[in-house]
Amino acid sequence: MQFGAVASIALSFLVVLFYFIRLITIKDLKTKYDFVNLNEINYLMIGGYLLVISGWFFLNSLFGDKVQVEAGIFIGRLLGTLIFASIFLVVVYNVLKIYYPSILEKKLHKLRYTPRKSPKTGNPMKLLSEEEEDVYLSEGMQAEEEVFSVDYDVWIDEDSDYTKIEKYDGHLHAEKCESCKFQTLKVVKEEILTSPTTNDKGELMKYYECTYCGHKERRLFTIGRIKVSEDVQHSPV
Ligand SMILES: [Zn+2]
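*Asks:* In this structure, what is going on with the overall build of the protein chain? I would like to understand it.
*Replies:* When helices and strands are tallied, the protein chain shows six helices and six strands. Each helix and strand of the protein chain, ordered N terminal to C terminal, gives the series α-α-α-β-α-α-β-β-β-β-β-α. The principal-axis extents of the C-alpha atoms in the protein chain amount to approximately 100 × 45 × 20 Å. Buried positions account for 31% of the 237 residues belonging to the protein chain. Pairs at least 24 residues apart make up 53% of the contacts formed inside the protein chain by residues separated by at least 6 positions. Total accessible area on the protein chain is roughly 15,300 Å²; 62% of this is exposed by carbon and sulfur atoms. When the 28 basic and 33 acidic side-chain charges of the protein chain are each reduced to a single mean position, those positions are 9 Å apart.

What follows is the structure, given as structure tokens:
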């Protein structure tokens, strides 16, 4: 029992340590962003569970290892402490799934907006605004940005004109759920109901689902008319 307690507490620290060492070795901020976004909660979850298991072993070790007691009492004790441990497992799960996401969002926000360093000159680069960035994005990227839950960030080194384009997936970004008030509402599906033409606007339906309470909702979005460039529109016939 004591061995189990020590082993699982060590394993718990190793898992969390492994995560942070991998994180430190990533230099590029965007890669770091993706890594944190995908892995942080999972690693902390495994670490937290192992800690609870360690506590369960420890609790049982307090009773001594002698099996002089009747089997009934022994099993009863194991089950009793197991119920206790599972309460803690639920607590760990809820903290990480409900409260932690808002802390994670802040962390990701910082990673996303920390000025990138230009590999050409070493200068801090400048993040272009939505209006400025269009020049650097292909038409496909712009359309994608307008319609789907995708965001492109364009960083520019003003001395060398070096640019870095980073793609962010809105699907991974959670919004506040109307039903449970936690920041756990995510886009699960997007569907174009009517495609936009040069004359008419199109319609897009986004389907949301809350990862905590399961609340579902849909929102209708308008897609702008397809723009025809000025010189085509005004060209003499
Ligand atoms: Zn909810």
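*Asks:* Can you walk me through the packing of helix α2 (residues 29-61) against helix α3 (residues 71-113) in this structure?
*Replies:* The relative placement of two packed helices is expressed as an angle between their axes plus a distance between the axes. α3 packs onto α2 with a crossing angle of 160 degrees between their chain directions and a minimal axis gap of 9 Å. With respect to α3, the element α2 is oriented roughly antiparallel. When you trace α2 past α3, the crossing you get is right-handed. In terms of residue class, the contact of α2 with α3 is made up of 24 nonpolar, four polar and six charged.

*Asks:* Where do I start with the packing of helix α1 (residues 2-25) against α2 in this structure?
*Replies:* Running from amino to carboxyl end, α1 crosses α2 at an angle of 170 degrees, the nearest separation of the two axes being 7 Å. Comparing their axes, α2 and α1 come out roughly antiparallel. Residues that form the contact of α1 with α2 fall into these classes: 18 nonpolar, eight polar and three charged.

*Asks:* Would you mind going over the packing of aromatic side chains with me for this structure?
*Replies:* For any pair of aromatic rings, the description consists of the separation of the ring centres together with the inter-plane angle of the planes. Taken as a whole, this structure holds seven aromatic pairs when the rule is applied. Here the aromatic rings of Y33 and Y168 are separated by 4.7 Å at their centres, their planes lie at 85 degrees, and the arrangement is edge-to-face. Here the residue Y33 occupies a position in helix α2, and Y168 occupies one in strand β3 (residues 162-169), the gap between them amounting to 135 residues. With a relative accessible area of 3%, Y168 lands in the buried category. A network of ring pairs unites the aromatic residues F18, Y19, F20, F35 and Y43 as a single cluster.

*Asks:* Can you help me understand the sheet that holds β3 in this one?
*Replies:* Backbone-to-backbone hydrogen bonds join strands into a sheet, with any given pair of strands oriented parallel or antiparallel. Pairing in this open sheet of three strands is antiparallel, and the strands run β1-β2-β3 from one edge to the other. Across the chains shown, the open sheet's two edge strands, defined by having one partner strand only, are β1 (126-127) and β3. Direction of pairing for strand β2 (residues 150-157) relative to β3: antiparallel, over a ladder of eight bridges. Opposite W155, over in β3, you have K164 as the bridge partner. Against the sheet, α3 contacts β1, β2 and β3, and its axis sits at roughly 40 degrees relative to β2.

Definitions and cut-offs
- Residues numbered from 1 in each chain as written.
- Predicted model: local features only at pLDDT ≥ 70, side-chain atom pairs only at ≥ 80, totals over all residues.
- Heavy atoms only, no water.
- Helix = DSSP H or I, 4+ residues; strand = E, 2+ residues; numbered from the N terminus.
- Buried < 20%, exposed > 50% of the residue type's maximum accessible area, 1.4 Å probe, protein only.
- Contact = heavy atoms within 4.5 Å.
- Areas by Shrake-Rupley, 256 points an atom, 1.4 Å probe, with all protein chains shown as cover.
- Lys, Arg positive; Asp, Glu negative; His and termini not counted.
- Charge placed at Lys NZ, Arg CZ, Asp CG, Glu CD.
- Axes fitted to C-alpha atoms, helices over the stretch in contact; angles between N-to-C directions.
- Parallel < 35°, antiparallel > 145°, perpendicular 65-115°, else oblique.
- Left-handed = near helix turned anticlockwise from the far one by under 90°.
- Nonpolar A, V, L, I, M, F, W, Y, C, P; charged D, E, K, R; others polar.
- Phe/Tyr/Trp six-rings, centres within 6.5 Å; stacked < 30°, edge-to-face > 60°.
- Pairing = 2+ DSSP bridges.

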